[in-house]
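Chain residues, written in single-letter form:
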Amino acid sequence: MRAHPMVGDSMIALLVLLIDLSAFFVVQAQPDGTVHGWQVTVPVDIAMVAPLVLRRKFPLPFAYAVLVLGVVHSALGPGLAAALTSGIAVYSVVVYAGRKQGAVYLALTLATSVAQLFFQPRDEWLVNLIVSVLVLLLCWVLGEFVGARRAYQGEVEARLHLLETERDQATRIAVAEERGRIARELHDVVAHAVSVIVVHADGASYAIRSKPELAEHAIRTISETGRDALGELRRLLDVLRGEDDDEPRVPQPTTADLTELAESMRTAGLGVDIELDELGELPAGVSLGIYRIVQESLTNALKHAGQGARTKVRVRRNPDVVTVDVNDDGAGKAHQLTTASAQRPLSGGNGLIGMRERAHVYGGTLHAGPSPGGGWHVSARLPVRLDP
């Protein structure tokens, strides 16, 4: 009946019809078994209860149809159908149309009932008036209760829907942020590894005949770099897939790995001078951010600064801030500013965007651009302590 309310209302209408017709035939039956007036009463009773089927979908048309038909039904004589359907109509208007419409309809129904009682015998007038008023008021109170409960349920459902929507939005935002972070990680890993591999592959192709030992060393470096890159890629892709396995994961690099990073870049053909203060204990995210900023800067220098370029890396720490400076000389020629450094955009590119986001996420700053004497300069400042 909840899934198909019209079926339930049809059963109510049929029950009211049977009750009213049974009372009519019992009262009007003659000693010889004949019943007078049933040809009119039965169609009027059917018309009286028929609108009950549509009381939920069209509460106001149903109610005013009952009000009009109730006057006709009462003109034929007292009956239960008019009283029952009037009470159901008051209840339905309050629940499905609202309190204001219900109050107007209740007033009209009471006025109509009082008017009809004047045509009834005096000895029955007061009793019928009291019964009619009590029945209608009871239906009003029941409608108020059910209507308030429906309104409360509607508000609860709306709040639940809003909470689910906010939760879904928060989840999507968190997923987008995590994917952005992983995308930056992938860019750093792939860009660095591919740059090193390409440089060593070029060197190996030139030295394979004249200096086989150098070619062998370059190929070994390519193999090691490829394995390291695959290990990090596998770790990041496992995070994207959300898979748990027992395989050991490659640990995230930290500032302690900067010397090893500089050595690998020297092997790739980029001259790197590195100066490191005693950095001490740093938050894991800040330490990783410093490493990635230096890695990206050296990778860009390897790709853009040209053969024979030299890069100087300085990482200094004071009590509150770690400062990172990476300068390349653009192959040591000032005119390279227009041919190499200037080709690197000031604000575009995933590498520069990723470095800036890494600095900003920890409350730091990053500036990158061409140096006055040629080459490229990257300067970053990251806090030593993160605010809770």
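Residues numbered from 1 in each chain as written. Predicted model: local features only at pLDDT ≥ 70, side-chain atom pairs only at ≥ 80, totals over all residues. Heavy atoms only, no water.

## Comments concerning the overall build of the protein chain
Thought 1: Across its full length, the protein chain holds 11 helices and 5 strands.
Thought 2: A burial count over the protein chain gives 37% of its 388 residues as buried.
Thought 3: Sequence-distant contacts, at least 24 apart, represent 67% of the contacts inside the protein chain between residues at least 6 apart.
Thought 4: As displayed, the protein chain has an accessible area near 22600 Å², and 62% of this comes from carbon and sulfur atoms. (Helix = DSSP H or I, 4+ residues; strand = E, 2+ residues; numbered from the N terminus. Buried < 20%, exposed > 50% of the residue type's maximum accessible area, 1.4 Å probe, protein only. Contact = heavy atoms within 4.5 Å. Areas by Shrake-Rupley, 256 points an atom, 1.4 Å probe, with all protein chains shown as cover.)

## Regarding the nonpolar core
Thought 1: Among the nonpolar cores identified, the biggest contains 35 residues, and I290 and L298 are the most heavily contacted of them.
Thought 2: Mapped by element, the contributors of at least two residues to this core are helix 8 (258–267), helix 9 (284–304), strand 2 (310–317), strand 3 (321–328), helix 11 (350–361), strand 4 (365–370) and strand 5 (376–383).
Thought 3: Aside from chain neighbours lying at most four places away, what touches L298 is L261, M265, L270, V272, T311, V313 and V326.
Thought 4: Counting 26 residues, the second-largest nonpolar core is a separate cluster that includes Y91, V93, Y105 and L106. (Core = buried A, V, L, I, M, F, W, Y, C linked by side-chain atoms within 4.5 Å.)

## Considerations on the environment of R55
Thought 1: Note on placement: R55 falls in the loop between helix 2 (38–49) and helix 3 (59–76).
Thought 2: Exposure remark for R55: the relative accessible area of 7% places this residue in the buried category.
Thought 3: With 33 residues separating them along the chain, R55 and I88 place their C-alpha atoms 8.8 Å apart.
Thought 4: If sequence neighbours within four positions are ignored, R55 has contacts with D9, F62, I88, Y91, S92 and Y96.
Thought 5: In this structure the side chain of R55 is engaged in a polar contact, spanning 2.9 Å, whose partner is the side chain of S92. (Polar contact = N/O pair within 3.5 Å; in protein donor to acceptor, adjacent residues only side chain to side chain.)

## What about the pattern of salt bridges?
Thought 1: Per the stated rule, a full pass over the model turns up 10 salt bridges.
Thought 2: In this structure, the salt-bridge partner of R56 is D9, at a minimum N-O distance of 3.0 Å. Pair noted here: R56 is in the loop between helix 2 and helix 3 and D9 is in helix 1 (residues 5–28), with a separation of 47 residues, a long-range link.
Thought 3: Three or more residues joined by partner-sharing salt bridges are found here, namely D9, R55 and R56. (Salt bridge = Lys/Arg side-chain N within 4 Å of Asp/Glu carboxyl O.)

## Examining the packing of aromatic side chains
Thought 1: This structure, assessed with the given rule, holds 1 aromatic pair.
Thought 2: Arranged with centres 5.3 Å apart and planes meeting at 90°, the rings of Y64 and Y105 form a pair that is edge-to-face. One end of the pair, Y64, is in helix 3; the other, Y105, is in helix 5 (residues 99–117), and 41 residues separate them in sequence.
Thought 3: By relative accessible area, which is 31% here, Y64 ends up partly exposed. (Phe/Tyr/Trp six-rings, centres within 6.5 Å; stacked < 30°, edge-to-face > 60°.)

## Side note on a nonpolar patch on the surface
Thought 1: A surface patch of nonpolar side chains, about 330 Å² in accessible area, is lined by L15, I19, L80 and L84.
Thought 2: Contributing elements (two or more residues each) for the nonpolar patch: helix 1 and helix 4 (80–96).
Thought 3: Checked against the element boundaries, L80 lands in helix 4.
Thought 4: In this structure L80 comes out as partly exposed when scored by relative accessible area, which is 42%. (Patch = residues over 30% accessible without salt bridge, like charges linked within 9 Å, V, L, I, M, F, W, Y side chains within 5 Å.)

## Quick look at the packing of helix 8 against helix 9
Thought 1: For the pair helix 8 and helix 9, the least separation of the axes is 11 Å and the interaxial angle reads 10°. For the element pair helix 8 / helix 9, the angle class is roughly parallel. Only I290, Y291, V294, Q295, L298, T299 and L302 of helix 9 make contact with helix 8, whose side of the interface consists of L258, L261 and M265.
Thought 2: A breakdown of the residues in the contact of helix 8 with helix 9 according to their chemical character gives 8 nonpolar, 2 polar and no charged. (Axes fitted to C-alpha atoms, helices over the stretch in contact; angles between N-to-C directions. Parallel < 35°, antiparallel > 145°, perpendicular 65-115°, else oblique. Nonpolar A, V, L, I, M, F, W, Y, C, P; charged D, E, K, R; others polar.)

## Quick look at helix 8
An α-helix turns once per 3.6 residues; consequently, residues spaced three or four apart project the same way.
Thought 1: Listing the buried residues of helix 8 in full gives L258, L261, A262 and M265. Here the buried residues of helix 8 occupy an arc of 100° about the axis, which is enough to place them on one side.
Thought 2: Following helix 8 by one or two positions, G269 has its phi on the positive side, about 110°. (Arc of directions from axis to C-beta.)

## Here we look at helix 4
Thought 1: With 17 residues, helix 4 should reach 24 Å at 1.5 Å per residue; the first-to-last C-alpha distance of 24 Å fits that figure.
Thought 2: A large share of helix 4 lies buried, amounting to 12 of its 17 residues.
Thought 3: Within the span of helix 4, buried status applies to A81, A82, T85, S86, G87, A89, V90, Y91, S92, V93, V94 and V95.
Thought 4: Directly after helix 4, the chain includes G98, whose backbone phi takes a positive value near 115°. (Expected span 1.5 Å × (residues − 1).)

## Some details on the sheet that holds strand 4
Thought 1: Ordered in space as 1-2-3-5-4, the 5 strands form an open sheet in which the pairing is mixed. The sheet terminates laterally at strand 1 (271–276) and strand 4, the two strands that pair on one side only. Geometrically, the sheet is characterised by an average inter-axis angle of 10° between neighbouring strands, direction not taken into account.
Thought 2: The pairing of strand 2 with strand 3 spans 7 bridges and is classified as antiparallel. Within the sheet, the bridge partner assigned to V315 lies in strand 3 and is V324.
Thought 3: Where helix 8 meets the sheet, it contacts strand 1 and strand 2, and its direction lies at approximately 170° from that of strand 1.
Thought 4: Where helix 9 meets the sheet, it contacts strand 1, strand 2, strand 3, strand 4 and strand 5, and its direction lies at approximately 175° from that of strand 5. (Pairing = 2+ DSSP bridges.)

Honestly, that's just the spatial picture; any functional story needs more than this.
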